[in-house]
Structure formats: structure tokens, C-alpha cells
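# Understanding the architecture of this molecule
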Amino acid sequence: MIENDAQPTAADPTWRTAPLVATLLGLPLLAWEYSMYGDDSYISAPEVLLCGGFVLLAIAWALPRRRSARMLRITAACCGLLCAVLPLVFLVTMAVVMASG
């Protein structure tokens, strides 16, 4: 019989690392971008990205603190950070394109 040393429900001691890093980097960007795009009366693409970023960061914090949920937690945190960075990358890209033309 093969025994598994790791318990499937064992608590992950570093569970907060990925959500904390993503929140510290992404939340100020999300708040700044929401102040720019959030007051529209219609739903636009940047607003969907911003709400998705907030939701994904909240999911990264709300997932269970088990080792089995580590990859899902890291994925949610990284996708939330990506949703925070994409509108900024779009703005910088458009500024470079307009400045070069």
C-alpha cells in the first residue's frame, strides 16, 4: 500500500501570499481606473474588466485555505491583477501610437 504523506485537507501556511501581492499591486490601479471609467451610465469594456478584477481578487481571498486550492487561488489572484493592468496597458499603447503618428 502506498501512503501519501500530504493530507488533502492540510492547511496551507502560505495561503495569503498570492492574494496579498495581487491586492497590493492591483487594488490601487483598480481604484484609480474605477475613478476614471466607473461613472459611465452604460456598461463598457473597461468597466467589465474593472468589476472582473474586483471579483477575482475577492475570490482569491475567499477560497479555502487548503493546499488543494493553492493553484486556484494563485490563478484568481493573477487574473485579477491582469484585469487591473490591462486598461493601463491599453492607455499607454494608445498614447504611444498617437504620439508617433
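Heads up: the structure comes first, above all this text.
Reading the values: the criteria
- Residues numbered from 1 in each chain as written.
- Predicted model: local features only at pLDDT ≥ 70, side-chain atom pairs only at ≥ 80, totals over all residues.
- Heavy atoms only, no water.
- Core = buried A, V, L, I, M, F, W, Y, C linked by side-chain atoms within 4.5 Å.
- Buried < 20%, exposed > 50% of the residue type's maximum accessible area, 1.4 Å probe, protein only.
- Helix = DSSP H or I, 4+ residues; strand = E, 2+ residues; numbered from the N terminus.
- Contact = heavy atoms within 4.5 Å.
- Salt bridge = Lys/Arg side-chain N within 4 Å of Asp/Glu carboxyl O.
- Polar contact = N/O pair within 3.5 Å; in protein donor to acceptor, adjacent residues only side chain to side chain.
- Phe/Tyr/Trp six-rings, centres within 6.5 Å; stacked < 30°, edge-to-face > 60°.
- Lys NZ or Arg CZ within 6 Å of the ring centre and 35° of its normal.

Listed in full, the 10 residues of the largest apolar core are Ala22, Leu29, Leu30, Tyr37, Leu50, Leu57, Ala60, Ala76, Ala77 and Ala84. At 4 residues, helix α1 (residues 17-37) tops the list of elements feeding residues into this core. Contact partners of Ala60, with chain neighbours within four places excluded, come to Pro19, Arg73, Ala76 and Ala77.

Let us look at the pattern of salt bridges. By the definition in use, this model includes 2 salt bridges. Between Arg70 and Asp12 there is a salt bridge, and its shortest N-O distance comes to 3.0 Å. Within this pair, whereas Arg70 is found in helix α3 (residues 70-100), its partner Asp12 is found in the segment before α1, the two being separated by 58 residues in sequence. You can call Arg70 partly exposed: its relative accessible area is 32%. With a closest N to O distance of 3.8 Å, Asp12 and Arg73 form a salt bridge. With a gap of 61 residues between them, Asp12 in the segment before α1 and Arg73 in helix α3 connect regions that are remote in the sequence. A network of salt bridges, in which partner residues are shared, links Asp12, Arg70 and Arg73.

Within the secondary structure, Thr23 sits in helix α1. The exposure class assigned to Thr23 is buried, which follows from its relative accessible area of 17%. Here the side chain of Thr23 touches Pro19 through a polar contact of 2.6 Å, landing on its backbone oxygen. Sequence-distant contacts of Thr23, that is, excluding residues within four places in its chain, are made with Pro28, Leu57 and Trp61.

Turning next to the packing of aromatic side chains. Inspection of the entire model under this criterion finds 2 aromatic pairs. Seen in terms of ring centroids, Trp15 and Trp61 are 5.8 Å apart; in terms of plane orientation they differ by 85°. Their pairing is edge-to-face. Of this pair, Trp15 sits in the segment before α1 while Trp61 sits in helix α2 (residues 45-62), and the two are 46 residues apart along the sequence. Overall, the relative accessible area of 12% leaves Trp15 in the buried class. Aromatic side chains Tyr34 and Phe54 sit 6.4 Å apart centroid to centroid with 75° between the ring planes, which places their arrangement in the edge-to-face category. With Tyr34 in helix α1 and Phe54 in helix α2, this pair connects stretches of sequence that are 20 residues apart. Here Arg65 stacks its cationic end above the ring of Trp15, 4.0 Å away from the centre of that ring.

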